[in-house]
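Report on the structure
What follows is each chain in one-letter form.
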Amino acid sequence: MSSRISALDAVVFGVDVQSGDVRGDAPSYAVVAFDGENFDRDVVSHRKLQRLVDREEPAILATDNVYELATDKDHLVRFLGSLPDETKLVQVTGDEQPEPLSRVANRHGVPYGKKSMKEAEAAARLAAANVGYEVSAFTDTTEVKVARGRSTGSGGWSEDRFTRRIHGSVKRRAREVATALDEAGLDYTMDETEKYGGYSNAVFTVEARPSDIPVSRNRSGDTRVEIERVRRDGIEFRPLAKRRDHVLVGIDPGTTTAVAIVGLDGQVLDVLSTRTADTAAVTEWIIERGRPVVVAADVEPMPSTVEKIRRSFSAAGWIPERDLPVDEKQHRTREEGYDNDHERDALAAAFHAFDDYEDTFERIAGKVPPRIETGTVIARVVAGEEPVEAVLEDLADDDGGEESEETHEPRELTAEEQRIKDLEARVERLDAHVDDLEATIEEKDETIAEYERELTDARREERREARERREVDRLKRENEQLERQLDEQREETEQIEAKLDRLKELWRLDHSNFADVAEKRQGLVPVKPVAKFTTSALQAADERWELAPGDVVYLRDASGAGRSTAETLVEREPRLVLKSGGLSEVAREILFDHEIPTAPADEVTIEELDDLAVARESDVEDAIDGWRDRADERRKSQTGEMVDKLISEHRADRGESD
């Protein structure tokens, strides 16, 4: 794509298969980028198409069949998950049962051709005109997970401190995320898992898309942040163009702005509360959900923000004679669900406006013939203050349904006169009946209000008692848990104190003034264990214990060592090598040649605590003396064998000379 197209703010990509198939090896796609005036065309592979979408982030990726981009539903869900947050996938030919692209293009007057590039262009034009269905597999809810960025490890003296540091970092990062979400005014819930020193993870469920969340994916040191949208149960097709009916709008402005949309039948259609949206964003939200006939507020006079929105729609305004009291708003909205007081106030304003206009709506609806939309007439009569008859006549003229004056006027007037008379008589009867009903209603309302007050008091008392019971139960459980923890801590403390005493004794062995310590400790010497007689094990022991000349080294498994491993041990110049298992012949020769004493581990009493070990100096000296005796015998044996060999060779030489 050219740099000209990539600089546009709202680009639509139309896509169609050029050759191959997504189920095959290498499908190619015709891609048309459309900004409302200009086109840019290209043919790309499936992988390059994804990279192109990631780079350009078009507002819409349009196609005549989404399964030209994915092999099945699972693949389609993964493809949707890979799209940028700002990009919608749109199927312009319908929902689950699409129509032919040619038929849809002809219906909307869009140029169409059978070639792939022409079909891609038609898809782009249709999507730009709000034709088609958005394909969605994710909700507008996002999960933000803060977790450990590295393993807590296993073993070692510093493991507890290391684990506590990681969990503390996760907790601090979780608080930073919570602060960012609060500052952005986003609704969320937090589910944390507490561990030693902090949190092992914290999951935020945020009512927003990833693009609206002021937190990004990252991995830094001890923590990582993952962001993932919540999946739907299946694939959903939502029309781009939404029907916009006539509605009543209640608005509660302020730091948190709330808006309630109510239909002309008094049913709640939608409710919004936001701390971040400005007046333009609120207006756009209302436009997406209907055409306001009345804009209402719950206070008098109408706030300037509400008045500004009312004027933008040219709608009628409604305010109460005095500010609506809280108990009256609660009573009027008692059957509706709302999240906060601001939404309640907006709903109350819309409901009271509907109550005032309900009779007017019914009167207008009774006069509207079936072929004319009632909402349009109500909007012109209520908001435009036009007479019903003038509006009906204007709309009838627009429909082209003209009749001759001679036949129309007498018949219409007679029917109207008769209808008026019947209605007047009916109104008189109904007025009398209404008076009786209103008196009955007032009495029942007073009785109901009294019962509601009593019920509210009883519920309040019951909730108080329930809270007290729950608090007592919680404190009992907490006390039992603390007692168990105290017992466990006491046992652990005793074990640690015993272990500490032994560690202190062993630590003295590694003190710089070793001679004094050894004398005071009845001739104990440190023994430095090595797990296996391998080069890597020797290096690990060297890093842990710092093997030095004169050390007593304990090979827990002495088998399998080769020449290089034995030479590595020789370089450390140990005083004595204690071994479990047999040495290889090569290792035995190398240690013997370098006069490194070796002895079986069972000849020396070794006392171990975790990875530390000590032995008595007398046992070590006895083992070294034993090795020296064995070494002398071996040297004598080797000398005798050498003499015998020389005599044999001399006799052989004399025999040849004779």
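Residues numbered from 1 in each chain as written. Predicted model: local features only at pLDDT ≥ 70, side-chain atom pairs only at ≥ 80, totals over all residues. Heavy atoms only, no water.

What follows deals with the overall build of the chain. Secondary structure summary: the chain contains 18 helices and 21 strands in total. Buried positions account for 36% of the 658 residues belonging to the chain. Counting contacts in the chain only where the partners sit at least 6 residues apart, residues at least 24 apart contribute 62% of the total. When the accessible area of the chain is evaluated, it comes to approximately 39,900 Å², of which 45% is carbon and sulfur surface. (Helix = DSSP H or I, 4+ residues; strand = E, 2+ residues; numbered from the N terminus. Buried < 20%, exposed > 50% of the residue type's maximum accessible area, 1.4 Å probe, protein only. Contact = heavy atoms within 4.5 Å. Areas by Shrake-Rupley, 256 points an atom, 1.4 Å probe, with all protein chains shown as cover.)

By volume, the largest pocket is sized at about 1,800 Å³. Around the largest pocket, the lining comprises 44 residues; the ones closest to its centre are Asp140, Arg209, Asp212, Trp285 and Arg289. For the lining of the largest pocket, the secondary-structure elements that each account for two or more residues are strand 6 (133–148), strand 10 (223–239), strand 13 (268–274) and helix 7 (279–287). It is strand 13 that contributes the most residues to the lining of the largest pocket, five residues altogether. (1 Å grid on protein atoms, 1.4 Å probe; cavity = no way out; pocket = protein on both sides within 12 Å on 5 of 7 lines; lining within 4 Å. Points joined across faces, edges and corners; volume = space filled by probe spheres on them.)

If you look at the biggest cluster of nonpolar residues, it comprises 27 residues, and the most contacted ones within it are Leu61, Leu80 and Leu89. Residue assignment for this core shows that the elements contributing at least two residues are strand 1 (12–19), strand 2 (28–34), helix 2 (46–56), helix 3 (73–82), strand 6 and strand 10. No other element matches helix 3, which puts four residues into this core. Those residues within four positions of Leu80 in sequence are excluded, and the remaining contacts are Leu89, Val135, Ser136, Ala137, Phe138 and Ile235. (Core = buried A, V, L, I, M, F, W, Y, C linked by side-chain atoms within 4.5 Å.)

Mean pLDDT over the chain works out to 83, with 88% of the residues at or above the 70 mark. Predicted confidence is poor over residues 511–521, with pLDDT under 50, and the contacts of this stretch with residues over four places away or in other chains come to 10 contacts. (pLDDT = per-residue confidence, 0-100.)

Time to look at the pattern of salt bridges. Applying the stated criterion across every chain yields a total of 39 salt bridges. Among the salt bridges present, the one from Arg289 reaches Glu288, with a minimum N-O distance of 3.2 Å. When the shortest N-O distance is used, the salt bridge between Asp542 and Arg572 registers 3.2 Å. Note that Asp542 is positioned in helix 15 (residues 535–545) and Arg572 in the loop between helix 16 (563–571) and strand 18 (576–579), a separation of 30 residues in sequence. Through salt bridges with shared partners, one network takes in Asp298, Lys329, Asp341, Arg344 and Asp345. (Salt bridge = Lys/Arg side-chain N within 4 Å of Asp/Glu carboxyl O.)

Now for a positive patch on the surface. A contiguous patch of positive charge, built from Arg459, Arg463, Arg467, Arg469 and Arg470, is present on the exposed surface. By the secondary structure assignment, Arg469 is in helix 13 (residues 405–509). Arg469 gets classed as partly exposed once you look at its relative accessible area, which sits at 47%. (Patch = residues over 30% accessible without salt bridge, like charges linked within 9 Å, V, L, I, M, F, W, Y side chains within 5 Å. Lys, Arg positive; Asp, Glu negative; His and termini not counted. Charge placed at Lys NZ, Arg CZ, Asp CG, Glu CD.)

On the basis of which strands lie adjacent, the open sheet formed by five strands has the order 13-12-11-14-15 and mixed pairing. Each edge of the open sheet carries a strand with a single partner, namely strand 13 and strand 15 (316–318). The average undirected angle you get between the axes of adjacent strands in this sheet is 25 degrees. Taken together, the five bridges between strand 11 (residues 246–252) and strand 14 (residues 291–296) define a ladder with parallel strand orientation. By the bridge assignment for strand 14, Val247 is matched with Pro292. Docked against the sheet, helix 7 engages strand 11, strand 12 (257–263), strand 13 and strand 14, running at close to 15 degrees with respect to strand 12. Along the sheet face, helix 8 (residues 304–313) touches strand 11, strand 14 and strand 15 and points at about 155 degrees away from the line of strand 14. (Pairing = 2+ DSSP bridges. Axes fitted to C-alpha atoms, helices over the stretch in contact; angles between N-to-C directions.)

Attention shifts here to the packing of aromatic side chains. If you walk through the whole model with that rule in mind, you get five aromatic pairs. Ring centres 5.9 Å apart and planes at 15 degrees place the aromatic pair Tyr357 and Phe361 in the stacked group. Taken together, the residues span about one helical turn, with Tyr357 and Phe361 both in helix 10 (residues 341–367) at a distance of four residues. Grouping residues by exposure puts Tyr357 and Phe361 together as buried. (Phe/Tyr/Trp six-rings, centres within 6.5 Å; stacked < 30°, edge-to-face > 60°.)

Moving on, we get to a negative patch on the surface. Residues Asp160, Glu488, Glu491, Glu492, Glu494, Glu497 and Asp501 make up a contiguous surface patch of negative charge. Looking at the negative patch, the element that brings in the most residues is helix 13, giving six residues. Note that Asp160 resides in helix 6 (residues 159–183).

Among the residues of helix 3, those classed as buried are His75, Leu76, Val77, Phe79 and Leu80. Those residues of helix 3 that are buried lie in contact with helix 2, strand 4 (60–63), strand 5 (88–91), strand 6 and strand 10. Residue Asp72 occupies the N-cap position of helix 3, its side-chain oxygen lying 3.3 Å from the main-chain nitrogen of Asp74. (Polar contact = N/O pair within 3.5 Å; in protein donor to acceptor, adjacent residues only side chain to side chain.)

For the rest of this paragraph, the subject is the packing of helix 10 against helix 11 (residues 374–382). At a closest axis distance of 10 Å, the pairing of helix 10 and helix 11 adopts a crossing angle of 125 degrees. Looking at the two axes, helix 10 sits oblique to helix 11. Crossing angle aside, the handedness with which helix 10 passes helix 11 is right-handed. Of helix 11, the residues touching helix 10 (which contributes Tyr357, Thr360, Phe361, Ile364 and Ala365) are Thr374, Val377, Ile378, Val381 and Val382. Tallied by class, the residues present in the contact of helix 10 with helix 11 amount to eight nonpolar, two polar and no charged. (Parallel < 35°, antiparallel > 145°, perpendicular 65-115°, else oblique. Left-handed = near helix turned anticlockwise from the far one by under 90°. Nonpolar A, V, L, I, M, F, W, Y, C, P; charged D, E, K, R; others polar.)

Looking now at the packing of helix 16 against helix 17 (residues 585–593). Running from N to C, helix 16 and helix 17 point in directions that differ by 30 degrees, and their axes come no closer than 9 Å. Between helix 16 and helix 17, the crossing angle belongs to the class labelled roughly parallel. Relative to helix 17, helix 16 is oriented so that their crossing is right-handed. Contact residues: Arg563, Ala566, Glu567, Leu569 and Val570 in helix 16; Val586, Ala587, Ile590 and Leu591 in helix 17. Tallied by class, the residues present in the contact of helix 16 with helix 17 amount to seven nonpolar, no polar and two charged.

Here three bridges tie strand 5 to strand 6, and the two strands are oriented antiparallel to one another. Each residue of the ladder has a partner; that of Val90, found in strand 6, is Glu134. Of the strand pairs in this sheet, strand 6 and strand 10 are connected by 12 bridges, and their pairing is antiparallel. The residue of strand 10 that forms the bridge with Ser136 is Glu236. Looking at chain direction, strand 6 and strand 8 (residues 198–206) are connected through six bridges and run antiparallel. Each bridged residue has a counterpart across the sheet, and for Thr142 the counterpart in strand 8 is Val206.

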